[in-house]
Amino acid sequence: MAELEPISADEVRHVARLARLALTDDEVERFTEQLGSILGHAADIAALDVASIPPTAHPFGLVNVLRDDVVTASLDRDEVLSQAPKVIEERFGVPRIASEAP
Amino acid sequence: MSVVGLAATIRSGERTAREVTESALASIERDDASLHAFVDVQIDQALARADSIDAAVARGDDPGVLAGVPLALKDNLCQHGEVTSCASRILEGWRPPYDATVVTKLRAAGVVVVGKTNMDEFAMGSSTENSAFGPTRNPRDPSRVPGGSSGGSAAAVAASMVPLSLGSDTGGSIRQPAALCGVVGVKPTYGLVSRFGLVAFASSLDQIGPFATTVADAAVLLEVIAGHDPMDSTSLPEEAPSLVAHLDDGVEGLTVGLCTDLLDGCDAEVVSAVRRAADVLAAQGAAIVEIAIPELRFGLSAYYLLAPAEASSNLARYDGVRYGVRVEASDVEAMNVATRTAGFGDEVKRRIMLGTYALSAGYFDAYYGQAQRTRTLIIEAFDRAYGQVDLLLGATTPTTAFELGAKIDDPMAMYLSDVCTIPSNLAGHPAMSVPFAQGADGLPIGVQLLGPGRSEERLFRAASVLEAGASS
């Protein structure tokens, strides 16, 4: 495994944008240092030769758990909507996504 | 008195559930202003629930094995209509439209839920200092942290506010606070307890488990909450194990591995406690062998890539649309950003960014892929060890409880307090912390028992022996 470059401030800004987080310049500086320290610790596993070992995503490998295709009660719509920050016409309300037609 | 004994006095009409509940609520009222173990106390609901149990007893119905026993729930367990915030501003005031499966099972057993306990925000932390609502203090010494992330649940039991509580353990979040507060804490086999209604942090690692003052009480509670649930696709397809019936079976004939890699870097008094625990097991007929599993030391790095990666995906759902708070802005993306920036604390942001980075183009193989392969390496190393021994014994935490503020500005130092607990989560194995000794400062020291998947019966047998031989 090749030596990994430390995470840069620009990369921190990039992942913050991907994760929909806004950071101040001070936060960028602090998080760059902290994430660098955590990722630096991962140098120990970066050095391992595990290319021939399969990855584990689930400890017991259960897959495709299916239930019988029967109708069951679902959540009450009004109750679910009662917890939403904004409701418009019995739907979740969000700011306009598309502009008015020309 | 055991929780089953307490319930028996209520089922027989000797005491009322109302008296017991009022006593728990009075204890919370008296002690929680200084400890802050609870983020929400459900006074009216708990009393109404207690009255319904007393009414059932009066009618001649059986309200269950834990009838009238007060219990506290970690704030990441959904209760229908009750505030469930994960100690985060982003979910402040959220009232779930359904119950977690464990909550349904607790009700069927007659438990009285008295409130929600404080935690590190979204279970990310090892001290409960990452709560958006302020830290919890350790009942054994209020200048110290209770551990985390289930610090409120551990403190509530340690302070005798409630005899039982539930927490969740993703990398040690039940066992570490149990050790630091001097109570029993169990992380069950992955899939033994349904995760339905547990707010997700790292789904391949998260597991709900009990806190109690005794091994026997923890066993009863685990029997109540375990078992297959069709609502959780990772739920093991089997019934709850029988634990209580085997608590006194002893350790004669068991081989226990004293794992040197779960002692490395631990304080001398912790190492000494673990070695004395091995002597207690040996005196009761267990064969003790020293065993090295050097691969376990890679668990920390693997965990702090895998858990944030899963978290970055799970926490993408907090977008200000369907639940929780919203910070309004001119367009959808700006609203998402404003909401998440205001709603998440620093540790959650750190982990989301770390996970996003580990999963991003160019770094996926180097970080996430490498961590997943390391996870396999650790599982294979455990499997080889369990070919030679029935259980492993080691430290739960490298030190006793540390001072509030001691590690809050150094994430890597905080993460290192999970070094002994993380490997079991990566493998999906059960493990538990049993209070065993006191350090020089009078603070509790827990020892950790680890076993292969589905070995809870064996773990509890050994834990009972350690409890009987404990010097704390």
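Residues numbered from 1 in each chain as written. Chains lettered and ligands numbered in written order. Predicted model: local features only at pLDDT ≥ 70, side-chain atom pairs only at ≥ 80, totals over all residues.

The next thing to look at is the environment of B:R322. As for its position among the elements, B:R322 is in the loop between α9 (299–314) and α10 (332–343). Those residues in contact with B:R322 that sit more than four places away from it in its chain are A:A84 and A:F92. (Helix = DSSP H or I, 4+ residues; strand = E, 2+ residues; numbered from the N terminus. Contact = placed C-beta atoms within 7 Å.)

Turning our attention to helix α3 (residues 43–59) of chain B. Since one α-helical turn is 3.6 residues long, residues separated by three or four positions face the same way. Residue and element names in this part refer to chain B. The end-to-end C-alpha separation of α3 is 24 Å, in line with the 24 Å expected for 17 residues at 1.5 Å each. Those residues of α3 that fall on the buried side of the exposure criterion are A46, R49, A50, I53, D54 and V57. Taken down its axis, α3 places every buried residue within 140 degrees of arc, on the same side. Turned more than 90 degrees off the buried face of α3, the exposed positions are D44, A55, A58 and R59. If you follow the buried residues of α3, they end up packed against α1 (3–11), α2 (17–35) and β3 (112–117). Of the residues flanking the end of α3, it is G60, one or two places downstream, whose phi is positive at about 95 degrees. (Expected span 1.5 Å × (residues − 1). Buried ≥ 20, exposed ≤ 12 C-beta atoms within 10 Å, placed from the backbone. Arc of directions from axis to C-beta.)

Here we come to the interface of chain B and chain A. Residue-level contacts link 56 residues of chain B with 47 residues of chain A. If you list the elements that add at least two residues to the side of chain B that touches chain A, you get α9, α10, α11 (346–359), α12 (364–388) and α13 (411–415) of chain B. It is α12(B) that contributes the most residues to the side of chain B that touches chain A, 12 residues altogether. Its residues assigned to classes, the side of chain B that touches chain A shows 28 nonpolar, 19 polar and 9 charged. (Nonpolar A, V, L, I, M, F, W, Y, C, P; charged D, E, K, R; others polar.)

Here we come to the sheet that holds strand β5 (residues 184–187) of chain B. Residue and element names in this part refer to chain B. Read across the sheet, 11 strands follow the order β1-β3-β2-β4-β6-β5-β10-β11-β9-β7-β8 without closing on themselves; strand pairing throughout is mixed. Strands at the two margins of the open sheet, each flanked by one partner only, are β1 (38–41) and β8 (287–291). For this sheet, the mean inter-axis angle between neighbouring strands, taken without regard to orientation, is 25 degrees. Inspection of the sheet shows strand β4 (residues 164–168) paired to strand β6 (residues 208–212) by 5 bridges, in the antiparallel sense. Note on β6: the bridge partner recorded for L166 is P210. Docked against the sheet, helix α7 (residues 215–225) engages β4, β5, β6 and β10 (431–438), running at close to 150 degrees with respect to β6. Contacting β7 (255–259), β9 (391–395), β10 and β11 (444–450), helix α15 (residues 456–468) crosses the sheet at an angle of about 5 degrees to β10. (Pairing = 2+ DSSP bridges. Axes fitted to C-alpha atoms, helices over the stretch in contact; angles between N-to-C directions.)

Now for unusual backbone geometry. Cis geometry marks the peptide bond from B:G148 to B:S149, where omega comes out at 15 degrees. As for its position among the elements, B:S149 is in the loop between β3 and α5 (151–158). Phi at A:E89 takes a positive value of approximately 50 degrees, unusual for a residue other than glycine. Here A:E89 shows up in the loop between β1 (87–88) and β2 (91–92).

Our focus in this paragraph is the domain arrangement of chain B. Residues and elements named next belong to chain B. Along its sequence, chain B is carved into domain 1 (3–243), domain 2 (255–299 + 371–468) and domain 3 (318–364). Taking the mean C-alpha position of each, domain 1 and domain 3 sit 29 Å from one another. Taken together, the 13 residues of domain 1 in the interface contact 10 residues of domain 3. (Domains from an automatic or database assignment.)

This paragraph deals with the packing of α2(B) against α3(B). All names here are of chain B. α3 packs onto α2 with a crossing angle of 160 degrees between their chain directions and a minimal axis gap of 8 Å. Judged by the inter-axis angle, α2 sits roughly antiparallel to α3. As for how α2 packs across α3, the hand of that crossing is right-handed. Contacts from A17, R18, T21 and L25 of α2 reach α3 at I43, A46, L47, A50, D51, I53 and D54. (Parallel < 35°, antiparallel > 145°, perpendicular 65-115°, else oblique. Left-handed = near helix turned anticlockwise from the far one by under 90°.)

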